[in-house]
Structures are given as structure tokens and as C-alpha cells.
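# Inside the fold
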Amino acid sequence: MGLLEGKRILVTGVLTDDSLAFGVADRAQREGAEVVLTGHDRALSLTRRVARKLPNPPEVLELDVTHPEHLDRVRDELGQRWGGLDGILHAIAFAPPECLGGDVLRADWEQVAVAMEVSAYSLKALTAGLLPLMEAAGGGSVVGLDFDATVAWPAYAWMGVAKAALESLARYLARDLGSRQVRVNLVAAGPVRTMAAKSIPGFGDFEEAWNVRAPLGWDVRDPQGAVARACVALLSDLFPMTTGEIVHVDGGYHAVGA
Ligand code: NAP
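As a starting point, this report considers the structure included with it. (Residues numbered from 1 in each chain as written. Predicted model: local features only at pLDDT ≥ 70, side-chain atom pairs only at ≥ 80, totals over all residues. Heavy atoms only, no water.)

### Concerning the sheet that holds strand β6 (residues 182–189)
Think of a sheet as strands paired side by side through backbone hydrogen bonds, with each pair either parallel or antiparallel. If you walk across this open sheet you meet the seven strands as β3-β2-β1-β4-β5-β6-β7, and the pairing is parallel. Each edge of the open sheet carries a strand with a single partner, namely β3 (60–62) and β7 (246–249). The average undirected angle you get between the axes of adjacent strands in this sheet is 20°. Note: strand β1 (residues 8–11) against strand β2 (residues 34–39), four bridges, orientation parallel. The residue bridging I9 from the neighbouring strand is V35, located in β2. Against the sheet, helix α3 (residues 68–82) makes contact with β1, β2 and β3, and its axis sits at roughly 150° relative to β3, the strand it touches most. The strands touched by helix α5 (residues 157–177) are β4 (87–90), β5 (140–146), β6 and β7; relative to β6, the strand with the most contacts, the crossing angle is about 160°. (Pairing = 2+ DSSP bridges. Helix = DSSP H or I, 4+ residues; strand = E, 2+ residues; numbered from the N terminus. Axes fitted to C-alpha atoms, helices over the stretch in contact; angles between N-to-C directions. Contact = heavy atoms within 4.5 Å.)

Pasting the structure below:
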């Protein structure tokens, strides 16, 4: 029996087959889950196309996480389809160009607000929007994708600040939703070459640093699907008493100083 047999999982953030979320959807289906994807804006047709590469091509619902009416519609559609929801993957991040690549002094509040809303607040918006379905299922697991925000990185700038907010928010959501049996955890991934990563000028510096320092080594194509495996484990029943946690899937980079 698969790890996710009988689980109903919503996966956001599939843009290409390099997307971390694509790996999660793929492995989740192979582990027996029923999966629905969401796609965003002009890339919706891309998500629909890439969905056909999954073992069981799933339905794709439109979701811009900054539009509350989209969240209402996704909840209604999943409610009609499944009646409940066992898991959510949050794999959503965006920052305007002024927020990335240089120093934090460059961006103004208007630009920073977009980064914070899409990349951090959206975890609350998504979780709260779909909470009635997880309550109907007797609880659930929310997993978000993170990049270690305990230190300042080159080039990551306001996205780093947004990830720090995401980490804190995940802890507060874990605290506030534990009594409803909803677990909220993050997977802090090492650098993987996706569309989002390529949009960060200076991303190559991360690759080099990981090459030198990660005790287990690191490949930016994530050939073992290590990030997806961790997400699937957290979406499964294998971690029933784990919430507010950050699991590092980074070859051990975070644990060593030099
Ligand atoms: P990706 O394939 O580019 O995925 C990012 C996704 O976020 C895209 O599907 C994008 O859709 C979506 N998105 C952006 N704005 C949105 C909005 N308003 N509403 C709904 N969706 C929106 O890149 P990825 O690297 O797999 O990123 C997934 C997550 O992993 C992100 O949280 C990222 O920070 C995190 N992460 C990535 C790495 C890495 O090195 N790649 C490392 C650690 C953590 P559109 O393209 O249509 O906007």
C-alpha cells in the first residue's frame, strides 16, 4: 500500500516539470494519493500541459493566491469533488525584480508588499481558505516550501525576509490549528534549478556554495527527488505528532559552519 493511499491532496506551484511541486505531485500519485493541481494566471495553460506528464493527469484549478474569490472557488470545487481534504502543498513564491539580486535598500514598500503577500501571507490565505475541508476530513497536513531564513544570503534579499516571515507564520499556524488536528510544516530545500530560481540573479553563487559545503553533496537538479520525498512523508501519516517543524533537505548544508 502506498504512503498516501486514500489521501486527497491539493498541490499548488506546478509551472514546469522542473517545479518542486511537480515532483511532489508525481510522487504523491505514485504513493496512492488523489491529486488536484492549481495554476496561476497566464501560466495556467502551462500547468495544464505539464499536468499531462503525471502518472494520472489531474484536474487543474485556477488559483491566484492573492484573489480571495479564487480561494472560495477552489474550496467549493474541492468540496463538491471530495467533500474533504487531507493535505495541501504550498509551493508559491514571487518577488518583483527590485526585491531580488541586489541589496534590500533598493525596493520600496509597494514592491516588498507583493513579495510578502505572495510568498508568506499566502500560506495563511491558502490554509484558512481550505480549512473547512480539512476539518471535514478530521484534520490534515499543510506543507510549505522554504529556503533557510536563519541567515542573510547574497542575492536573495527581500525573498529571504519573506521566507523568514513564512517560517514564523508556519509556527503560528501550527499553534493555532493544532487543536483541529491540522499540522503545518515546512521543507527547507537546497537550491534547485527551477523557473523561480532562475529568476534570481546570482543563483549560481548558491550552487557553488552548496557544492563546496554540503556534507552529503548536492545536485541542483535534485535527481533523487529528495525534496518531494520529504514533502510526501510530511503529507502522510508518518509524522502524526510533528507540527511547526522545518525539515532541511539540503544535503546537510545548514548544519555546518564552513
Ligand atoms: P517554480 O516552478 O517557478 O514555482 C513557483 C510557483 O509559484 C509557480 O507555479 C508560480 O506560478 C507560483 N506563483 C507565483 N505567484 C503566484 C500567485 N500569486 N498565486 C499562485 N501561484 C503563484 O519554482 P520552485 O522553485 O519550484 O518554487 C516553489 C517553491 O519552492 C517556492 O516557494 C520557492 O521559494 C521554494 N523553494 C525553491 C528553491 C529552489 O532553489 N528552487 C529552494 C527552496 C525553496 P507563476 O509562474 O504562474 O507565477
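### Description of the site of the ligand
Among the 27 residues in the neighbourhood of the ligand, the closest are listed as S19, H40, K163, V192 and T194. At 3.5 Å from an oxygen atom of the ligand is found a main-chain nitrogen or oxygen belonging to G13. Backbone polar atom of V65 to a nitrogen atom of the ligand: 3.0 Å apart, as the coordinates give it. Bound to the protein, the ligand loses 90% of the 880 Å² it would expose on its own. Listed by contribution, the elements that provide at least two residues to the shell around the ligand are β5 and α6 (195–198). (Near = heavy atom within 4 Å. Polar contact = N/O pair within 3.5 Å; in protein donor to acceptor, adjacent residues only side chain to side chain. Areas by Shrake-Rupley, 256 points an atom, 1.4 Å probe, with all protein chains shown as cover.)

### Describing helix α8 (residues 226–235)
Note: α-helices contain 3.6 residues per turn, so residues at a spacing of three or four share the same orientation. Among the ten residues that make up α8, eight are buried, leaving the element largely enclosed by the rest of the structure. Every buried residue of α8 is accounted for by V227, A228, A230, C231, V232, A233, L234 and L235. As for α8, its buried residues are in contact with β1, α1 (20–30), β4, β5, β6 and β7. (Buried < 20%, exposed > 50% of the residue type's maximum accessible area, 1.4 Å probe, protein only.)

### A few points about the pairing of β1
Judged by which residues are buried, β1 turns out to be covered on both faces: R8 and L10 on one side and I9 and V11 on the other are all buried. Crossover connection from β1 via α1 to parallel β2: handedness right-handed. Two strands pair when backbone bridges link them, and β1 and β4 are joined in this way by three bridges, in the parallel orientation. In the strand pairing of β4, I9 is matched with G87. (Right-handed = clockwise from strand over helix to strand, strands pointing away.)

### Quick word on the nonpolar core
Within the largest apolar cluster, 32 residues are counted, with the highest numbers of intra-cluster contacts made by L78, L85, L130 and V184. Sorting the residues of this core by element identifies α3, α4 (109–136), α5 and β6 as the ones contributing at least two each. In terms of residues, this core owes the most to one element, α4, which gives nine residues. Once residues lying within four places of it in the same chain are set aside, the contact partners of L85 are R8, I9, L10, L78, L130, L133, M134, A137 and G139. (Core = buried A, V, L, I, M, F, W, Y, C linked by side-chain atoms within 4.5 Å.)

### Section: unusual backbone geometry
Positive phi is not limited to glycine here, since A157 has a value of about 40°. Along the chain, A157 falls in helix α5.

### What to know about the packing of α4 against α5
Orientation of α4 relative to α5, taken along the N-to-C sense of each, is 20°, at an axis distance of 8 Å. Classified by the angle between their axes, α4 and α5 sit roughly parallel to one another. Note on packing geometry: the crossing formed by α4 with α5 is right-handed. Of the residues in α5, those touching α4 at V112, A115, M116, S119, A120, Y121, L123, K124, T127 and L131 are W158, M159, V161, A162, A165, L166, L169, A170, L173 and L177. Class assignment of the residues belonging to the contact of α4 with α5 gives a composition of 17 nonpolar, two polar and one charged. (Parallel < 35°, antiparallel > 145°, perpendicular 65-115°, else oblique. Left-handed = near helix turned anticlockwise from the far one by under 90°. Nonpolar A, V, L, I, M, F, W, Y, C, P; charged D, E, K, R; others polar.)

### Remarks on the pattern of salt bridges
Side chains that carry opposite charge are capable of pairing whenever their charged atoms lie near each other. One pass over the structure, following the stated rule, counts twelve salt bridges. R180 is the salt-bridge partner of E135, the closest N and O atoms lying 3.5 Å from each other. In this pair, E135 sits in helix α4 while R180 sits in the loop between α5 and β6, placing the two residues 45 residues apart along the sequence. A relative accessible area of 39% means that E135 is categorised as partly exposed. Taking the relative accessible area as the measure of exposure, R180 reaches 37% and is therefore partly exposed. (Salt bridge = Lys/Arg side-chain N within 4 Å of Asp/Glu carboxyl O.)

### A look at a nonpolar patch on the surface
A surface patch of nonpolar side chains, about 260 Å² in accessible area, is lined by L3, L238 and F239. On the secondary structure map, L3 appears in the segment before β1. (Patch = residues over 30% accessible without salt bridge, like charges linked within 9 Å, V, L, I, M, F, W, Y side chains within 5 Å.)

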